[in-house]
Amino acid sequence: MTNFIEMGNIVKFNDDSASKVHKLLPVYNYILQKDPFGGMFLEKIDSFPQPGKLYGDVLKNTDRILRTFLDRKGSTGVMLSGEKGSGKTLLAKNIVITAAQQFNIPAIIINAAWAGDAFSKFLQDIHQPCIVMFDEFEKVYDRDSQQHILTLLDGSFPSQKLFLLTTNDKWRIDEHMRNRPGRIFYMLDFDGLSAEFIREYCEDNLKNQNHVQSIVTMSGFYNKFNFDMLKALVEEMNRYGETPQEATRMLNTKIEYAGKTEHDVILKYKGVEIECQQSKWEGNPIMNRIDIWFEGSPTPKVASNVSKNTNPFNPPLVPAVAVATDDKFMGLSLNYNDSNGKYNIIKDDDDGYTELNFGPEDIVSIDPVTKSTSYKQGDFELILKKVVTTHYNIWNSAAF
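Predicted model, so just to flag it, every value in this text is computed and none were measured. (Residues numbered from 1 in each chain as written. Predicted model: local features only at pLDDT ≥ 70, side-chain atom pairs only at ≥ 80, totals over all residues. Heavy atoms only, no water.)

### A closer look at the overall build of the protein chain
As a reminder of what qualifies: Going along the chain from the N terminus, every DSSP run of H or I of four or more residues is numbered as a helix, and every run of E of two or more is numbered as a strand. Burial here depends on accessible area, computed with a 1.4 Å probe over protein chains only, as a share of the maximum for the residue type. Under 20% is buried, over 50% is exposed, and the range in between is partly exposed. Contacts are assigned to residue pairs with any non-hydrogen atoms lying within 4.5 Å of each other. Using a 1.4 Å probe, accessible areas were evaluated by the Shrake-Rupley method; residue-level cover was limited to the displayed protein chains.
Regarding its fold elements, the protein chain presents nine helices and 25 strands. Looking at the protein chain as a whole, 46% of its 400 residues qualify as buried. Put simply, of all contacts in the protein chain between residues at least 6 apart along the chain, 68% involve residues at least 24 apart. With an accessible surface of roughly 20400 Å², the protein chain has 48% of that area assigned to carbon and sulfur atoms.

Structure (structure tokens):
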């Protein structure tokens, strides 16, 4: 029978012949250490600070993961994947805090590439439910060392262990952990904050509530708007009484760093969807122009130069510019097709294509919930709908 001897911050294992101090591992957070003779021991560390209000799905995911862990026999693996500031570590820490407070479950934080029989035996000697947390797993364990702990994750422990792994890049995780629920039961991807999360946080923390919608709208132009960015933006706006656009002038939250995102393309003429050559577009709507082609050669009337500012930001993210707009396209031949409910453009005599060019100055509306950006030129409307993939256990939920 294993007992636990506590000496200050140090907790060591001994058998029944040694001085008996604890029958169970005390409920603290620990890191694993090695003494000069090669023996392993646990060192207590500070508990994770109790977070304030939790936003989004943190509470729901915490409850589900712990319920599943306690309901299953043996070990359960959970991997949380996403860039820094995306919320994965917040969830991991909340799981550790909740497990300790509600279920008296201790946690061991792994900060070195422990592996091998001695490490496995050490964990097996803890005969009680326990969390083993690997933060930034792919940075601590390289490709080779990851293979050495595969058997550790196989669920062969007689007692319950929750292996909690966080990673910034799931593609640096050994392929033998993918689609293997026996090792990693849950795989959660953190691809940025939802509009609901951002709005709720701003309503609680932003002094000038008139700017809440602007922050929600602006966040849609980033492929991954993380919590670090949101917290810094709100902090800066509160400090200087600025708009989101003014605050981002100096903050390290630049839209040009946001990268490209994929969008579904919908082109409408007089409110009815028509066929165009592109079904997808990749880029950033606030930074890039969009070129759209459709079959046929309409003859537009002479374009008139007008100065307009339909950008929903105030002040605008981009300056108002003089642009050519066509109030009406002449010579356009349309047939209504009952089979697909769309207008199909019929080729004109030149057997060519008509090109439309949309830019940020043509934006007329942005829907942060559906992540759609609408553009308007005359009777033509372009809608870019951001492709958002939500992953559960690696699978793309949109496919079901």
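### Quick notes on helix 7 (residues 212-219)
When you tally the buried positions in helix 7, you get seven out of eight residues, the bulk of the element. What helix 7 keeps buried is the set Val212, Ser214, Ile215, Val216, Thr217, Met218 and Ser219. Residues of helix 7 that are buried in the fold lie against helix 6 (195-205), helix 8 (227-240), helix 9 (244-247) and strand 21 (363-367).

### Section: the nonpolar core
Definition in use: Nonpolar core, defined: a set of buried Ala, Val, Leu, Ile, Met, Phe, Trp, Tyr and Cys residues in which side-chain atoms within 4.5 Å join the residues together.
By size, the foremost hydrophobic cluster in this structure holds 42 residues, and its most contacted members are Ile215, Leu230 and Ile292. At the level of elements, helix 6, helix 7, helix 8, strand 10 (261-269), strand 13 (290-295), strand 20 (353-358), strand 21 and strand 23 (380-386) are the ones that each hand at least two residues to this core. When neighbours within four sequence positions are excluded, isoleucine 292 is seen to be in contact with Val265, Leu267, Cys276, Gln278, Thr354, Glu355, Leu356, Phe358 and Leu382.

### Remarks on the pattern of salt bridges
Here is the rule: We define a salt bridge as a contact between a side-chain nitrogen of Lys or Arg and a carboxyl oxygen of Asp or Glu at a distance within 4 Å.
Counted according to the given criterion, the structure contains 13 salt bridges. Of the charged contacts in the structure, one is a salt bridge between glutamate 235 and arginine 239, with a shortest N-O distance of 2.6 Å. Of this pair, glutamate 235 and arginine 239 both sit in helix 8, four residues apart, roughly one helical turn. The shortest N-O distance in the salt bridge between arginine 239 and glutamate 236 comes to 2.9 Å. Of this pair, arginine 239 and glutamate 236 are both found in helix 8, three residues apart, which corresponds to roughly one turn of the helix. Since its relative accessible area comes to 16%, glutamate 236 is described here as buried.

### As for the pairing of strand 9 (residues 186-190)
Just so we agree on the cut-off: When DSSP finds at least two bridges between two strands, those strands are taken to pair.
The element strand 9 is largely enclosed, with a buried count of five among its five residues. Judged by which residues are buried, strand 9 turns out to be covered on both faces: Tyr186, Leu188 and Phe190 on one side and Met187 and Asp189 on the other are all buried. Two elements, strand 5 (residues 76-82) and strand 9, share five bridges in a ladder whose sense is parallel. Opposite glycine 82, over in strand 9, you have phenylalanine 190 as the bridge partner.

Any link to function would need more than the numbers given here.
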